[in-house]
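Fold and geometry: a report
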Amino acid sequence: MASITIADIEAADAKLTGRLRQTPVELSSTLSKSAGVPVTLKLEHHQITGSFKLRGATNAVLNLGEAQKAAGVVGVSTGNHGRGLAHAAREAGVRCIICMSELVPQNKVDGIKAQGAEVRTIGRSQDDAQQEVDRLVSEEAMTMLPPFDHPHIIAGQGTLGLEILDQVPSAETILVPLSGGGLISGLAAAAKARKPGIKIIGVSMERGAAMHECLKAGKPIHVEEMKTLADSLGGGIGLDNQYTFPMTRDLVDDTVTVSEAQIAGAIRHAYWEERQIIEGSGSVAIAAVLAGKAAVSGPAVCVVSGANIDLGLHYRIISGEDVDVTKPES
Ligand SMILES: *Cc1c(COP(=O)(O)O)cnc(C)c1O
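Predicted, not measured: the structure shown is a model, and the values here were computed from it.

Neighbouring residues of the ligand: 16 residues in total, closest Lys-53, Asn-80, Gly-181, Leu-183 and Ser-305. In this structure, Lys-53 approaches the ligand through a side-chain N or O atom, which is 2.8 Å from an oxygen atom. A distance of 2.9 Å is found between an oxygen atom of the ligand and a backbone nitrogen or oxygen belonging to Ser-179. Its residues placed into classes, the shell around the ligand shows five nonpolar, nine polar and two charged.

To continue, consider the environment of Tyr-315. If you trace the backbone, Tyr-315 turns up in helix H14 (residues 311-318). A relative accessible area of 56% places Tyr-315 in the exposed class. It is 9.9 Å that separates the C-alpha atoms of Tyr-315 and Ile-277, two residues lying 38 residues apart in sequence.

Let us now look at the sheet that holds strand E10 (residues 300-304). Backbone-to-backbone hydrogen bonds join strands into a sheet, with any given pair of strands oriented parallel or antiparallel. Here six strands make up an open sheet; going across it, the order is E1-E2-E10-E7-E8-E9 and the pairing mixed. Sheet topology places strand E1 (25-28) and strand E9 (254-258) at the edges, where each strand pairs with a single neighbour. Adjacent strand axes in the sheet meet at a mean angle of 25° when their direction is disregarded. Here E1 runs beside strand E2 (residues 39-43); their pairing, made up of four bridges, is antiparallel. What sits directly across from Ser-28, in E2, is Val-39.

Attention shifts here to the sheet that holds strand E5 (residues 118-121). The four strands are arranged E5-E4-E3-E6 in an open sheet whose pairing can be described as parallel. Lying at the two open borders of the sheet, with one neighbouring strand each, are E5 and strand E6 (143-144). Pairing of strand E4 (residues 96-100) with E5 involves four bridges; the strand directions are parallel. Bridge pairing in E5 places Ile-97 opposite Glu-118. Across the sheet, helix H5 (residues 80-92) touches strand E3 (73-75) and E4, and the angle it forms with E4 is around 160°. Of the strands in this sheet, E3, E4, E5 and E6 are in contact with helix H7 (residues 126-140), which crosses E4 at around 150°.

Between helix H3 (residues 53-62) and H5, the shortest axis-to-axis distance is 8 Å and the interhelical angle comes to 40°. Classified by the angle between their axes, H3 and H5 sit oblique to one another. Note on packing geometry: the crossing formed by H3 with H5 is right-handed. Facing Lys-53, Leu-54, Ala-57, Thr-58, Val-61 and Leu-62 of H3, the residues of H5 in contact are Asn-80, His-81, Gly-84, Leu-85, His-87, Ala-88, Ala-89 and Ala-92. Looking at side-chain class alone, the contact of H3 with H5 contains eight nonpolar, five polar and one charged residues.

Counted residue by residue, strand E7 (residues 173-177) has five buried out of five residues, so it is predominantly covered. Alternating residues of E7 divide into Thr-173, Leu-175 and Pro-177 and Ile-174 and Val-176, and every residue in both groups is buried. Bridge count between E7 and strand E8 (residues 199-205): five bridges; the pairing is parallel. Bridged to Val-176 within E8 is Gly-202. Between the parallel elements E7 and E8, the chain passes through helix H9 (residues 182-194) in a crossover that is right-handed. For E7 and E10, the ladder comprises three bridges, and the chain directions are parallel.

Turning next to the pattern of salt bridges. The tally for this structure, following the rule as stated, stands at 17 salt bridges. Residues Glu-102 and Arg-124 are paired through a salt bridge, measuring 3.9 Å at the closest nitrogen-oxygen approach. Here Arg-124 lies in the loop between E5 and H7 and Glu-102 lies in the loop between E4 and helix H6 (106-114), a separation of 22 residues in the sequence. Taking relative accessible area as the criterion, Arg-124 reaches 57% and is therefore assigned exposed. Residues Glu-139 and Arg-135 are paired through a salt bridge, measuring 3.0 Å at the closest nitrogen-oxygen approach. Residue Glu-139 and its partner Arg-135 are both found in helix H7; the two are separated by four residues, about one turn of the helix. Relative accessible area serves as the criterion here: at 58%, Glu-139 is assigned to the exposed category. According to the relative accessible area criterion, Arg-135 is partly exposed, its value standing at 27%.

Each value, and the rule that gives it
Residues numbered from 1 in each chain as written. Predicted model: local features only at pLDDT ≥ 70, side-chain atom pairs only at ≥ 80, totals over all residues. Heavy atoms only, no water. Near = heavy atom within 4 Å. Polar contact = N/O pair within 3.5 Å; in protein donor to acceptor, adjacent residues only side chain to side chain. Nonpolar A, V, L, I, M, F, W, Y, C, P; charged D, E, K, R; others polar. Helix = DSSP H or I, 4+ residues; strand = E, 2+ residues; numbered from the N terminus. Buried < 20%, exposed > 50% of the residue type's maximum accessible area, 1.4 Å probe, protein only. Pairing = 2+ DSSP bridges. Axes fitted to C-alpha atoms, helices over the stretch in contact; angles between N-to-C directions. Contact = heavy atoms within 4.5 Å. Parallel < 35°, antiparallel > 145°, perpendicular 65-115°, else oblique. Left-handed = near helix turned anticlockwise from the far one by under 90°. Right-handed = clockwise from strand over helix to strand, strands pointing away. Salt bridge = Lys/Arg side-chain N within 4 Å of Asp/Glu carboxyl O.

Listed below in structure tokens is the structure:
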């Protein structure tokens, strides 16, 4: 089985040292009361670019060969992976093109451009953007770096697991936001190598929990993508998934899901109780604790994975408005 080991993650950790932030941890008294065990937040949304995706992207870029670095990297993500990849490439002096459909909102385009990447808008769908990526790979020898199913990406995300156990050595459960599984695969491999008995729980949104459904099916399957407040957790795991499906299946103890109302509640909780501005995807571990969805034993850590939320939307949520992003726009 193709798998990423603690040695790969330690090698990534050595490469990343001094290039990224060591994000803080904070004991949450309200969540601890709610769970009945000490609950610590790992505030990874304070990472440069606003999410942990910078870890994997930086490790992947630094592991390119000289010819690959000279030709540059390309990606299709308009979200946190795109930001991370753009930043990682700029820091390494590597050209980066992010391809996206013409329908992507301007604020997302600007977010990627602000990190120093070239943006190529093409066609009216993700498939059209993917065709341009394929052309850049075949005709211009650029390297496509995917958001999760890649050894160097997984190893980079795994450094978060090492950091958590350095900061909270007593941790017995870690709750981790879960989409394609790059984060949880690397984090679980690192944490279980250091502390074999530790429990790793993946948390996704109810609407389109791809990995959760694939684990139930016992193989990668198509799961319909739906609108959700946890927009960074959308998308499938790939029918040809090579690494993150087997690693999640073998290393993760449980996966649970949370509702849209629970995600909104966790964003509110983070703001009013913890003084943190976090995005929906970054809030799902907190949501699971508040809703009593996960069997949390011993000292627990909730990974807060991202900050990149539209601030207008955030304001409406924390003001108590019953925001429903799942309805078609009127
Ligand atoms: C990408 C992302 C995740 C999920 O990571 P995977 O490696 O795809 O499981 C969680 N939270 C945020 C904020 C993200 O951007």
